[in-house]
Amino acid sequence: MTIETISENRSFGGTQGVYRHRSTATGTDMTFGLFLPEVARYAPVPALFFLSGLTCTHENAMIKAAAQAHADEAGIALVFPDTSPRGEGVADDEAYDLGQGAGFYVNATEGPWAPHYRMWDYITEELPALLGANMPIDEGALGITGHSMGGHGALTIAMTMPDRFRSVSALAPIANPTRSDWGRKQLAAYLGNDESTWAAHDATLLMTARGFPGDVLIDQGSADQFLDLLMPERLAHAMAARRQPGRFRMQEGFDHSYWFVQSFIEEHVFFHAERLL
């Protein structure tokens, strides 16, 4: 596939780039950010995918998470995908939490979403292969993290595909979407009303059923204004019941913003680096 360079800027010892390509999965042009550390000049490096939340594009975490300095020090790349397909002919909705900017990291099966909303395939198959073929990325050393809707995506993808993503963490994830208004609406729209098809995209249910073959790291702010929608206590309970290795940390006083993400992203970057290098 051909990758178009939109921009490349020096960042610490490495390079922060923004790129566009034609996606087979979504049938649209897709844009992503990629930070390559200095060491990538000499050899392929592991990569950490950062999945963003509702209303976001590739730019939000790329600009606001302040992760590049830590990734450069750790010697890993950062991948910032978009959160949905976009463009002319792509279905959308007036609500902020459905349609463009709200792909929920699933493969839609229902109209009008099914032709383009195939973010699961895009994140798990197409984008890793594209990076492995065209960039100095070690496709066999991938980790995944995310914030809010992106935390949901990171956890569900990693627990389903641990051979693809060898490490996983999350920041304020939507933890139990099959029981939340941030989930039931979107899963019904994208996947239909048969709730048995939703379970594959619920981190709490997946933790109960299978867990992750490694330790996980999850941070959640105690002052998050969306706690009732995120339902972190249900995922924490599932982790404890399963005796899942890892840490679930309630961080006192932090809300849902990128100030929260910035405060803990260093630990998440090095958590993944230790497991991927």
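The text that follows walks through the structure, step by step, so that each part is easy to find. Only a predicted model underlies this, so the values are computations on that prediction, with no experimental measurement involved.

Notes on the overall build of the protein chain
When you go through the protein chain residue by residue, the secondary structure sums to nine helices and nine strands. For 277 residues, the compact-globule estimate of 2.2 N^0.38 gives 19 Å, and the protein chain sits close to it at 17 Å. With the C-alpha coordinates of the protein chain rotated into their principal frame, the extents come out at 45 × 45 × 30 Å. Counting across all 277 residues of the protein chain, residues that qualify as buried make up 58%. The contacts of the protein chain with a sequence gap of at least 6 include a subset with a gap of at least 24, amounting to 72%. Summed over all atoms, the accessible surface of the protein chain reaches about 10,900 Å², with 49% contributed by carbon and sulfur.

Description of the environment of Gly192
In this structure, Gly192 sits in the loop between helix H5 (184-191) and helix H6 (203-209). Classification of Gly192 as buried rests on a relative accessible area of 9%. Along the chain, Gly192 and Met207 lie 15 residues apart, while their C-alpha atoms are 23 Å from each other.

Observations concerning the pairing of strand S3 (residues 29-36)
Taking burial as the measure, the eight residues of S3 include seven buried ones, the bulk of the element. Bridging between strand S2 (residues 14-22) and S3 involves eight bridges; their strand directions are antiparallel. Each bridged residue has a counterpart across the sheet, and for Gln16 the counterpart in S3 is Phe35.

Description of helix H3 (residues 119-134)
Maximal helix bending in H3 amounts to about 35°, located at Glu126; proline Pro128 follows within four positions. Every buried residue of H3 is accounted for by Met119, Trp120, Tyr122, Ile123, Thr124, Glu126, Leu127, Pro128, Leu130 and Leu131.

Topic: the packing of H3 against helix H4 (residues 149-160)
Running from N to C, H3 and H4 point in directions that differ by 60°, and their axes come no closer than 12 Å. Classified by the interaxial angle, the pair formed by H3 and H4 is oblique. Considering only the axes of H3 and H4, their crossing is right-handed. Between H3, through Trp120, Ile123 and Thr124, and H4, the contact on the second element is made entirely by Thr156, Ile157 and Thr160. When its residues are assigned to classes, the contact of H3 with H4 shows three nonpolar, three polar and no charged.

Thoughts on the packing of aromatic side chains
In total, this model carries 10 aromatic pairs according to the counting rule given. Measuring from centroid to centroid gives 5.6 Å for Tyr19 and Phe32, while their planes differ by 35°, and the two rings are tilted. Remark: Phe32 occurs in strand S3 and Tyr19 occurs in strand S2; sequence separation between them is 13 residues. Judged on exposure class, the residue Tyr19 and its partner Phe32 are both buried. Seen from their ring centres, Phe254 and Phe260 are 6.2 Å apart, and the 55° between their planes marks the pair as tilted. Residue class for Phe260 comes out buried when judged on its relative accessible area of 0%.

Details of the pattern of salt bridges
Across all of its chains, the model carries 13 salt bridges by this definition. Between Glu195 and Arg184 there is a salt bridge; the shortest N-O distance is 2.8 Å. Taken as a pair, Glu195 in the loop between H5 and H6 and Arg184 in helix H5 lie far apart in primary sequence, 11 residues in all. Residue Glu195 is classed as partly exposed on the basis of its relative accessible area, which comes to 35%. Its relative accessible area of 30% is what places Arg184 among the partly exposed residues. Between Glu274 and Arg275 there is a salt bridge whose closest N-O contact spans 3.4 Å. Judged by relative accessible area, Arg275 falls into the partly exposed class, the value being 27%. Through salt bridges that share partners, Glu125, Glu139 and Arg164 make up one connected network.

Details of the sheet that holds S3
Taking strand neighbours across the sheet as the criterion, the nine strands line up as S1-S2-S3-S5-S4-S6-S7-S8-S9 in an open arrangement whose pairing is mixed. Each edge of the open sheet is held by one strand with a lone partner, namely strand S1 (3-11) and strand S9 (246-251). For this sheet, the mean inter-axis angle between neighbouring strands, taken without regard to orientation, is 20°. Taken together, the six bridges between strand S8 (residues 216-221) and S9 define a ladder with parallel strand orientation. Counterpart to Ile218 in the pairing with S9 is Phe248. The sheet strands contacting H4 are strand S4 (45-51), strand S6 (137-146), strand S7 (167-171) and S8, and the helix crosses S6 at an angle near 130°. Sitting on the sheet, helix H9 (residues 258-276) is in contact with S4, S6, S7, S8 and S9, with an inclination near 175° to S7.

Reading the values: the criteria
- Residues numbered from 1 in each chain as written.
- Predicted model: local features only at pLDDT ≥ 70, side-chain atom pairs only at ≥ 80, totals over all residues.
- Heavy atoms only, no water.
- Helix = DSSP H or I, 4+ residues; strand = E, 2+ residues; numbered from the N terminus.
- Rg over C-alpha atoms; globule rule 2.2 N^0.38 Å.
- Buried < 20%, exposed > 50% of the residue type's maximum accessible area, 1.4 Å probe, protein only.
- Contact = heavy atoms within 4.5 Å.
- Areas by Shrake-Rupley, 256 points an atom, 1.4 Å probe, with all protein chains shown as cover.
- Pairing = 2+ DSSP bridges.
- Bend = angle between axes of the 7 residues up to and from the residue.
- Axes fitted to C-alpha atoms, helices over the stretch in contact; angles between N-to-C directions.
- Parallel < 35°, antiparallel > 145°, perpendicular 65-115°, else oblique.
- Left-handed = near helix turned anticlockwise from the far one by under 90°.
- Nonpolar A, V, L, I, M, F, W, Y, C, P; charged D, E, K, R; others polar.
- Phe/Tyr/Trp six-rings, centres within 6.5 Å; stacked < 30°, edge-to-face > 60°.
- Salt bridge = Lys/Arg side-chain N within 4 Å of Asp/Glu carboxyl O.

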